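Working through the structure, step by step
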Amino acid sequence: PHAQAIDNEICNILVAYTDTQIEACAPGCGGNQKVLRKWTILDWCAGEFISHEQIIKAVDKNGPTIGVSNVLVSVDPWRCSADVELPLPDHLYDDCLGEVNYWIGKVDGALTVSGNAEEGFVMHDVPQGITRVEYVAEDCCGNLTNTFIEVNVSDLTPPVPVTKEFIVVSLTNIGNPVDGPQGIAKVYARDVDNGSYDGCTGIDVAVRKTQVVCSPEDTVWGEYVKFCCEDLDGLKFVEIDVEFRVTDENGNNNYAWSTVRLEDKSSPTQECPADLILTCDMDYNDFTITGLPQSFGACGEILLECDINDLIEDTEPRRKGPNDGFFNDPRYDGVEVPAYDPSCGYGAVRRQFKSCSSCTQWFVIEPIDPFNPATIQFPEDVVVDCDAFETGEPTWENSVCTLIGVSLESDTFLFEDGACFKILNHWSVINWCVYDPVNPSAGGKYEHTQVVKIIDTQDPVVTAADSLYFDVDADCVSSAGQLTARANDEGQCGSKWIKWELTLDLNADWTADYLMSSAFPQLVNGDANPYYIEPTGNDDLAVVELPEGIPSSKKWHRAVWRAYDGCGNNTSVVKYFQVTDRKAPTPYCQNISTAAMSGNGQVELWAIDFNVGSFDNCTDDDNLLFTFTDVAPPGRNDAEYDSSSDLQWYDGSFWYFDPETGEYMDQDDYYD
């Protein structure tokens, strides 16, 4: 018989199947799987069925795609080979989903390759020429694809030039210097070379100058360069940069520089600046006043390159002996002058021109405009606020060439740690031109003591909780609870300690019932004083135990907190609290109550009829109120009772609560 499709509408034959999928290659290898399909065929007419299993396999059998570009690199500068970082594939993918990996396969010359696909591969010590490298790619189903690239290593690396950093050469006089500049010198490329090399071949070296001074040929690459007096241009020496070239056999060039110091060693003569007498208001480091040395050589005057900073550093106060310097003044020629003292503006100064000549120059400094101590004004005594204040400092009329110093020693006297204190400022003004610490009686020191009183006018800031509730005990009076507050004394000289006072006014009737204070003794007859409040630190909590025996009520009690800082500044806050019964009554009731029905067929039952010994810790049993709802009845009014002794004869007025209006209603009006 020929197979034909099963039609569910013919003979009531139904067909269904279920699939089980299995990875064909590896987990996550997309598009590669096996499907185990189980067919079930049911004949509803005969009540029979048959099963059949089918395997469906979808597997990738094609290798991945990999594409890599060829590489051109140069040899390393220090050897005739290279370590080559092999390129990452330009294209690496697979027709099916899944991870594709690659590695390096065969390499010409069996060269060493290190690395991995994530960080890259490096082929080591690759010689000049072309080396073939195999790349192998593998997909998640194990299909392989390979490709080859060419790694071309060429000598593209220029040689390494190494030169002498500084070369010193002197001009050679070849004629009579009186008839004009005649100096000349040569520097060869081999003199500049300091070990230049190439990793693969031999090298040639050449030099040139960058500017035409002596000869046009000096700017052309050659075996040497020439120097002449025009290069020196009248200076004692010049530094000229010479360009150096090194070339390997493959035509690669590299360049470096060397500095040639050109000098004239033809025994130049020098002319030193004159020794001078200056006043202390003159700047002896102003070389337009004091002058510089001059030098003359075979090529003319040599401009000395004196380093001004070095000259200033080599200028220092120094005792002048009788044979030092010549001033053409009998006050200083042939006599000794002490080293220059800036505090009094008199003495000798020596300058040595070490950086540019062998000259030595002397100065004698004379004083002017002495200091007048009568012009000293010391600061007055002051009373200031501690948050911001200025106490002043001594002033005086300035004088030229006098060194006046001022010092301050302060003694602080505290009345409270960090607050309200007095400072004694001991000022000293010293004329160092006159004052001798070894001999203080010689004068030159002027003293004064300034009194600074510092006050604190800022009150501490007090915070305390308000509207507090305290529970009662079984006797309906207070037995436990704490009142707390904290204070912060801010400012530049705030107190470290806060002292407290607490007044309790029960029932808020403006009568003090309890007083606690940090001023009270801590112990009474050896026992802790319950009315003592321990001082607190800034922003620390002050804690007071609530007195026992305060009866429960709905009345508010006043608590007046007052905080004092170390300077007597104080502030107070008023807070309120209640000692109240917040415990609900304990109900006891009977399960059933009976009453005789009236002639109209109705019976009246009261909530109190079900009471069997209900009680409360604060309310007498006779004063308890009862209701069938969770709405509390109004407060008791004895005028509404038929009997003043109990609640059994209460007439029911105002016992009904209307939830729509939120009001109590008279019994007679409740159903109207």
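Residues numbered from 1 in each chain as written. Predicted model: local features only at pLDDT ≥ 70, side-chain atom pairs only at ≥ 80, totals over all residues. Heavy atoms only, no water.

Attention shifts here to the state of the cysteines. Applying the stated criterion across every chain yields a total of five disulfides. Each disulfide pairs two cysteine sulfurs, and for Cys-80 the partner residue is Cys-200, the sulfurs being separated by 2.0 Å. What sets the handedness of the Cys-80 and Cys-200 disulfide is the S-S torsion sign, and at about 110° it is right-handed. With Cys-80 in the loop between β5 (71-74) and β6 (81-85) and Cys-200 in the loop between α1 (189-192) and β15 (203-209), this pair connects stretches of sequence that are 120 residues apart. Of the residues examined, Cys-80 reaches a relative accessible area of 29% and is grouped as partly exposed. Across the disulfide from Cys-272 sits Cys-359; the S-S distance is 1.8 Å. The S-S bond linking Cys-272 to Cys-359 shows a torsion near -80°; that makes this disulfide left-handed. In this pair, Cys-272 sits in the loop between β19 (269-271) and β20 (276-279) while Cys-359 sits in the loop between β24 (347-352) and β25 (360-366), placing the two residues 87 residues apart along the sequence. According to the relative accessible area criterion, Cys-272 is partly exposed, its value standing at 38%. (Disulfide = S-S within 2.5 Å. Helix = DSSP H or I, 4+ residues; strand = E, 2+ residues; numbered from the N terminus. Buried < 20%, exposed > 50% of the residue type's maximum accessible area, 1.4 Å probe, protein only.)

Notably, Trp-510 is not glycine yet its phi reads approximately 65°, a positive angle. Along the polypeptide, Trp-510 turns up in the loop between β33 (497-505) and β34 (514-517). Owing to a relative accessible area of 69%, Trp-510 belongs among the exposed residues under this scheme. Backbone geometry places Asp-539, a non-glycine residue, at a positive phi of 70°. With respect to the helices and strands, the residue Asp-539 is situated in the loop between β37 (536-537) and β38 (541-545). A residue is classified by how much of its surface remains accessible, and Asp-539, at 42% relative accessible area, is partly exposed.

Below, the discussion takes up the pattern of salt bridges. This structure, assessed with the given rule, holds 15 salt bridges. Between Arg-319 and Glu-336 there is a salt bridge, with its nearest N and O atoms 3.3 Å apart. Here Glu-336 lies in the loop between β23 (315-317) and β24 and Arg-319 lies in the loop between β23 and β24, a separation of 17 residues in the sequence. A relative accessible area of 43% means that Arg-319 is categorised as partly exposed. Put simply, Asp-471 and Arg-582 hold a salt bridge, and the shortest N to O gap is 3.0 Å. Here the residue Asp-471 occupies a position in the loop between β31 (468-470) and β32 (482-488), and Arg-582 occupies one in the loop between β40 (570-579) and β41 (656-658), the gap between them amounting to 111 residues. Here the residues in one salt-bridge network are Asp-76, Arg-79, Asp-83 and Asp-125, joined through shared partners. (Salt bridge = Lys/Arg side-chain N within 4 Å of Asp/Glu carboxyl O.)

With respect to the helices and strands, Pro-322 occurs in the loop between β23 and β24. Sequence separation between Pro-322 and Gly-334 is twelve residues; the distance between their C-alpha atoms is 4.2 Å. When neighbours within four sequence positions are excluded, Pro-322 is seen to be in contact with Gly-334, Val-335 and Glu-336. (Contact = heavy atoms within 4.5 Å.)

Confidence in the prediction of the chain, expressed as mean pLDDT, is 83, and 86% of residues score 70 or more. For residues 640-657, every residue scores under 50 in pLDDT, and the model assigns this stretch 41 contacts once sequence neighbours within four places are set aside. Counting interchain partners and residues more than four positions distant, the pLDDT-below-50 stretch residues 666-672 has nine contacts. (pLDDT = per-residue confidence, 0-100.)

Turning our eyes to something else, we now look at the sheet that holds β5. Strand order in the open sheet made by the four strands is β5-β12-β11-β8, with mixed pairing throughout. Only two strands of the sheet have a single neighbouring strand rather than two, namely β5 and β8 (101-107). Strand-to-strand twist in this sheet, taken as the mean axis angle between neighbours without regard to direction, amounts to 30°. Summarising the sheet, β5 and strand β12 (residues 144-154) pair through four bridges and their orientation is parallel. (Pairing = 2+ DSSP bridges. Axes fitted to C-alpha atoms, helices over the stretch in contact; angles between N-to-C directions.)

Here we come to the pairing of strand β39 (residues 557-564). With respect to burial, β39 is a largely interior element, six of its eight residues being buried. Of the pairings in the sheet, the one linking β33 to β39 comprises seven bridges and is antiparallel in character. Pairing of Thr-503 across the sheet is with Val-560, part of β39. Between β39 and the antiparallel strand that follows it, β40, lie five residues; Gly-568 among them carries a positive phi value of about 85°.

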